[in-house]
Amino acid sequence: MTVDITTAGAALLVYQYAAHEVSMRSTLLLPLSLAACMNAGMDGKDTASGVDDSGGPDDTGDTGDSATPEVCGYTPMPDLDAAPDVVEVDLTASALEWDPGTGVPLAAGMAFNGSVPGPVLEAKLGDTVKVHFTNDLDIEMTIHWHGLRVTPEMDGIMQMMGDPIEPGESFEYEFPVVDTGFYWFHTHMDTATTIEAGLYAPILFHAPDEVAPDCDQPMVLDDLLLDEDTRQIAPPDTDMMQLMGRLGNVLMVNGRSDRSYAWTKGQTTLWRVVNASNARYWDLYLEGHQLTVVGTDGGFLAVPYSVDDLVVAPGERYMVVVEASGEPGERYRLMNKRFQLHEEGGDMVEGDPMGDGDNPVATVVYGEGETTGTGWTQPAPDVPGWGAPVENLGHHWLLEEDMMGGTVTIDGATWPDVPMVDVAMNVDTMFEVENASEMHHPFHIHGNRFQVVDVGGEPVPAGQGWKDTFDIPPRTTVTVVSALDNPGEWMYHCHILEHADDGMAGLMTVEE
Ligand SMILES: [Cu+2]
């Protein structure tokens with residue numbers, strides 16, 4: 001008689017998962033903040049232990065085998081202020097050798113508060129956020145609160161702050177919470193290197209009436225380009241590869257290539273997805289499940305919609321509800337489809353180290369039993385009022401490739417020579433972004449929020465959400481509208497980080 005190793009392995013898996021299920025069941029019944037405390041360390045902390053759990057590639061202790069699926073949840077930064085309407089946190093950027101799931105810690109790794117992604121900055125509408133930031137790295141840096149309508153001085157742009165934050169120095173960031181939804185923060189200097197190294201973290205701002213779903217899970221997507229032999233971050237590519245968009249050869253969810261998540265049939269999961277990749281557009285689907293988009297960059301939608309797969313451009317966010325319709329004991333892979341970054345038949349060769357196929361990026365593992373869940377209804381949408389172009393054209397941007405210069409220009413120039421755009425505050429204003437190049441560019445505008453109303457001559461249905469980062473497909477013009485309620489001087493740029501670092505950026509003044 002022979003022992004079926006596969007079956008034995010499965011039995012072990014079920015046994016290990018049963019232990020987790022107890023804590024997960026409790027999580028389902030707890031208020032959000034307490035659940036988050038219980039789950040502390042289930043998320044980012046794992047990645048911070050890269051040095052001690054680097055057992056090498058053969059150590060399958062926490063690999064995609066999913067021997068120990070993680071309980072849903074996230075780690076918020078501890079609030080140091082007892083006042084109910086103040087969230088005060090300590091934030092430090094430092095060097096950290098973290099393991100992306102290859103078993104080899106990254107010598108050039110960096111992290112916020114010792115984890116990748118950094119811990120969640122969590123607050124609610126109306127709070128005041130105070131961040132005591134310390135730069136423990138040996139490079140100058142700033143932090144950008146991506147998507148938040150803060151003041152220019154707090155926005156992490158050196159020109160508006162005065163000076164960057166020098167090594168060893170501190171900076172006090174402070175801003176009111178005027179937006180709800182899912183955002184992220186990251187460094188804003190030498191971004192292709194520092195965001196790649198791990199300096200990014202989620203921001204979760206709750207609406208006052210928000211009811212926690214059974215599972216509230218930030219999902220930070222990123223890819224790393226590692227040297228095949230050393231498994232260290234590869235040295236800079238050729239200029240041409242930078243120009244084409246540098247795609248990585250390791251795909252990570254929440255800082256690891258081997259995440260697995262424990263689910264119970266019947267639960268409602270809210271995935272808060274952000275793409276922190278340098279250049280990669282992700283196209284996600286979960287085997288056997290449907291994804292329902294309930295929110296975009298700037299909060300919840302009036303009309304949620306279902307998709308088979310979800311394209312997320314660098315810098316963009318989506319809030320997605322996934323009903324746990326799988327079967328107890330089964331596993332389902334979260335897959336990424338290859339996204340064509342360049343136009344089909346374009347003048348550039350498409351090159352993705354991950355190949356042409358679909359790649360597994362994480363696993364959902366169902367425990368035994370079912371739950372009816374706590375039920376979840378999304379908070380009221382904060383709906384933009386247009387749904388169509390408006391009369392007043394603020395600016396028409398033109399994005400063009402300068403192959404000779406090895407760069408992508410905006411209005412014929414690169415930073416800091418792109419002409420200033422001047423517009424008036426509190427006026428419904430339309431902007432057109434014309435992409436005359438052969439590749440996609442994710443366009444990010446700081447300081448204000450926008451609604452996409454037209455893509456390539458096709459009107460976008462009303463009821464879509466707020467956006468601060470939107471894809472401009474090749475040879476396409478995208479029209480967005482904003483009331484521009486946040487005055488000041490704001491940067492706008494391509495969120496392909498190599499493009500931004502190379503000067504695909506400009507400034508817009510919103511006059512009071
Ligand atoms: Cu670009």
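Basis of the calculations
Residues numbered from 1 in each chain as written. Predicted model: local features only at pLDDT ≥ 70, side-chain atom pairs only at ≥ 80, totals over all residues. Helix = DSSP H or I, 4+ residues; strand = E, 2+ residues; numbered from the N terminus. Contact = placed C-beta atoms within 7 Å. Pairing = 2+ DSSP bridges. Axes fitted to C-alpha atoms, helices over the stretch in contact; angles between N-to-C directions. Buried ≥ 20, exposed ≤ 12 C-beta atoms within 10 Å, placed from the backbone. Core = buried A, V, L, I, M, F, W, Y, C linked by C-beta atoms within 7 Å. Domains from an automatic or database assignment. pLDDT = per-residue confidence, 0-100.

(A) Broad picture of the overall build of the protein. Looking only at helices and strands, one finds 7 helices and 30 strands in the protein. Sequence-distant contacts in the protein: of pairs separated by 6 or more residues, those separated by 24 or more amount to 79%.

(B) The sheet that holds strand E6 (residues 170-176), seen in detail. Taken together, 4 strands build an open sheet; the order of strands is E2-E1-E4-E6 and the sheet is mixed. In the strand order of this sheet, the two ends are held by strand E2 (110-112) and E6, each with one partner. For this sheet, the mean angle separating the axes of adjacent strands, direction not counted, is 15°. Taken together, the 8 bridges between strand E1 (residues 86-95) and strand E4 (residues 128-135) define a ladder with parallel strand orientation. Bridging from a neighbouring strand, Ala93 pairs with Asn135 of E4.

(C) Representation of the sheet that holds strand E17 (residues 317-323) within the structure. The strand order E10-E9-E12-E17-E14-E15 describes an open sheet built from 6 strands, whose pairing is mixed. Edge positions in the sheet fall to strand E10 (250-253) and strand E15 (299-307), since each of these pairs with one other strand and no more. Averaged over all adjacent pairs, the angle separating strand axes in this sheet is 25°, with direction ignored. Looking at chain direction, strand E9 (residues 215-224) and strand E12 (residues 268-275) are connected through 7 bridges and run parallel. Residue Asp216 lies in a different strand from E12, and its bridge partner there is Leu270.

(D) The arrangement of unusual backbone geometry in detail. Look at the link from Val116 to Pro117: it is a cis peptide, with omega at -5°. Looking at the element boundaries, Pro117 is found in the loop between E2 and strand E3 (121-124). Pro416 follows Trp415 through a cis peptide bond whose omega is 5°. Positionally, Pro416 belongs in the loop between strand E21 (407-410) and strand E22 (421-424). Even without a glycine there, the phi angle at Arg231 is positive, about 60°. Looking at where Arg231 falls in the secondary structure, it is placed in the loop between E9 and helix H6 (239-244). With 19 C-beta atoms counted inside 10 Å, the residue Arg231 sits in the partly exposed group. In the Ramachandran plot, Asn426 falls in the positive-phi region, its phi being about 55° despite a non-glycine side chain. Inspection of the secondary structure assignment puts Asn426 in the loop between E22 and strand E23 (429-435).

(E) Examining the environment of Leu96 more closely. Tracing the backbone shows Leu96 in the loop between E1 and E2. Looking at Leu96, the number of C-beta atoms within 10 Å reads 22, which means it is buried. C-alpha of Leu96 to C-alpha of Ala108: the two residues are 12 residues apart in sequence and 7.7 Å apart in space.

(F) Quick look at the environment of Val273. Here Val273 is to be found in strand E12. Taking C-alpha positions, Val273 is 9.3 Å from Thr296, a pair spaced 23 residues apart along the chain. In this structure Val273 touches Met219, Leu221, Val312, Arg317, Tyr318 and Val320, once residues within four positions along its chain are discounted.

(G) Structural detail: the nonpolar core. Leu121, Trp184, Ile203, Leu221, Val273, Val312 and Val320 are the most contacted members of the largest nonpolar core, which totals 119 residues. Shared between two domains, this core takes at least three residues from each, and those domains are domain 1 (5-370) and domain 2 (393-511). Those residues in contact with Leu121, other than ones at most four positions away along the chain, are Met77, Val89, Phe185, Ala201 and Ile203.

(H) Main features of the confidence of the model for the protein. On average, residues of the protein carry a pLDDT of 85, and 86% of them reach 70 or more. For residues 1-66, every residue scores under 50 in pLDDT, and the model assigns this stretch 104 contacts once sequence neighbours within four places are set aside.

(I) The arrangement of the environment of Gln232 in detail. The topology assignment puts Gln232 in the loop between E9 and H6. What makes Gln232 partly exposed here is the crowd of 16 C-beta atoms within 10 Å. Placed 130 residues apart in sequence, Gln232 and Thr102 show a C-alpha to C-alpha distance of 9.9 Å. Every residue in contact with Gln232, bar those within four places of it in the chain, is listed here: Leu106, Ala107, Ala108, Leu226 and Asp227.

(J) Expanded view of the pairing of E21. Burial of E21 is one-sided: the residues Val408 and Ile410 facing one way are buried, the residues Thr407 and Thr409 facing the other way are not. Relative to E21, strand E20 (residues 393-402) runs antiparallel, the two sharing 4 bridges. Among the inter-strand pairings, Glu401 is bridged to a residue of E21, identified as Val408. Linking E20 back to E21 in an antiparallel pair, the connection comprises 4 residues, with Gly406 at a positive phi of about 65°.

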